[in-house]
Amino acid sequence: MKLSDVLDELDMSRAAFYRMRARGQSPKCLKLPNGQLRFRRSDFEKWLNDCEESPTC
């Protein structure tokens, strides 16, 4: 998934996502050589499910 896909699903701004990522609270991602981020659907869904149980997400 592209970052834009993740942002759309979370209804979140890019700036808010990067703040969350800086705090270590974002889904696991891959950084491509060109600097873009990609997310595995399975990692994103696991992270989202974990947020239901954890108040820190």
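First, a word on scope: everything that follows refers to the structure included in this document.

Thresholds, definitions, all that
- Residues numbered from 1 in each chain as written.
- Predicted model: local features only at pLDDT ≥ 70, side-chain atom pairs only at ≥ 80, totals over all residues.
- Heavy atoms only, no water.
- Buried < 20%, exposed > 50% of the residue type's maximum accessible area, 1.4 Å probe, protein only.
- Helix = DSSP H or I, 4+ residues; strand = E, 2+ residues; numbered from the N terminus.
- Arc of directions from axis to C-beta.
- Core = buried A, V, L, I, M, F, W, Y, C linked by side-chain atoms within 4.5 Å.
- Contact = heavy atoms within 4.5 Å.
- Disulfide = S-S within 2.5 Å.
- Salt bridge = Lys/Arg side-chain N within 4 Å of Asp/Glu carboxyl O.

### A few points about helix α2 (residues 14-22)
Consideration 1: Ala 16, Phe 17 and Met 20 are the residues of α2 that are buried. The arc enclosing the buried residues of α2, seen along the axis, measures out at 100°, which places them on a common side.
Consideration 2: After α2 finishes, the residue Gly 24 shows a positive phi value of roughly 75°.

### Side note on the nonpolar core
Consideration 1: One finds Met 1, Leu 3, Val 6, Leu 7, Phe 17, Met 20, Leu 37, Phe 39, Phe 44, Trp 47 and Cys 51 forming the largest nonpolar core, which totals 11 residues.
Consideration 2: Of all the elements in the fold, those that place two or more residues in this core are α1 (3-10), α2 and α3 (41-53).
Consideration 3: Leaving out residues up to four positions away in the same chain, Phe 17 has contacts with Leu 3, Val 6, Leu 7, Met 12, Ser 26, Pro 27, Leu 37 and Phe 39.

### Focus on α1
Spacing of three or four residues puts side chains on the same side of an α-helix, whose turn is 3.6 residues.
Consideration 1: Along α1, the positions that sit buried rather than exposed are Leu 3, Val 6 and Leu 7. For α1, the arc enclosing every buried residue in end-on projection is 100°, short of the 170-degree limit, so these residues lie on one face.
Consideration 2: Positive phi appears at Asp 11, one or two residues downstream of α1, with a value of about 55°.

### Description of the state of the cysteines
Consideration 1: Counted according to the given criterion, the structure contains zero disulfides.
Consideration 2: Looking at the unpaired Cys 29, the closest cysteine sulfur is the one in Cys 51, lying at 14 Å.

### Here we look at the pattern of salt bridges
Consideration 1: Applying the stated criterion across every chain, the model contains four salt bridges.
Consideration 2: A salt bridge links Arg 41 to Glu 9; the shortest N-O distance between them is 2.9 Å. Taken as a pair, Arg 41 in helix α3 and Glu 9 in helix α1 lie far apart in primary sequence, 32 residues in all.
Consideration 3: Arg 40 is paired through a salt bridge with Asp 43; the nearest N and O atoms lie 3.9 Å apart.
Consideration 4: By relative accessible area, which is 45% here, Arg 40 ends up partly exposed.
Consideration 5: Take Asp 43: its relative accessible area is 18%, and that puts it in the buried class.
Consideration 6: One salt-bridge network, held together by shared partners, links Glu 9, Arg 41 and Glu 45.

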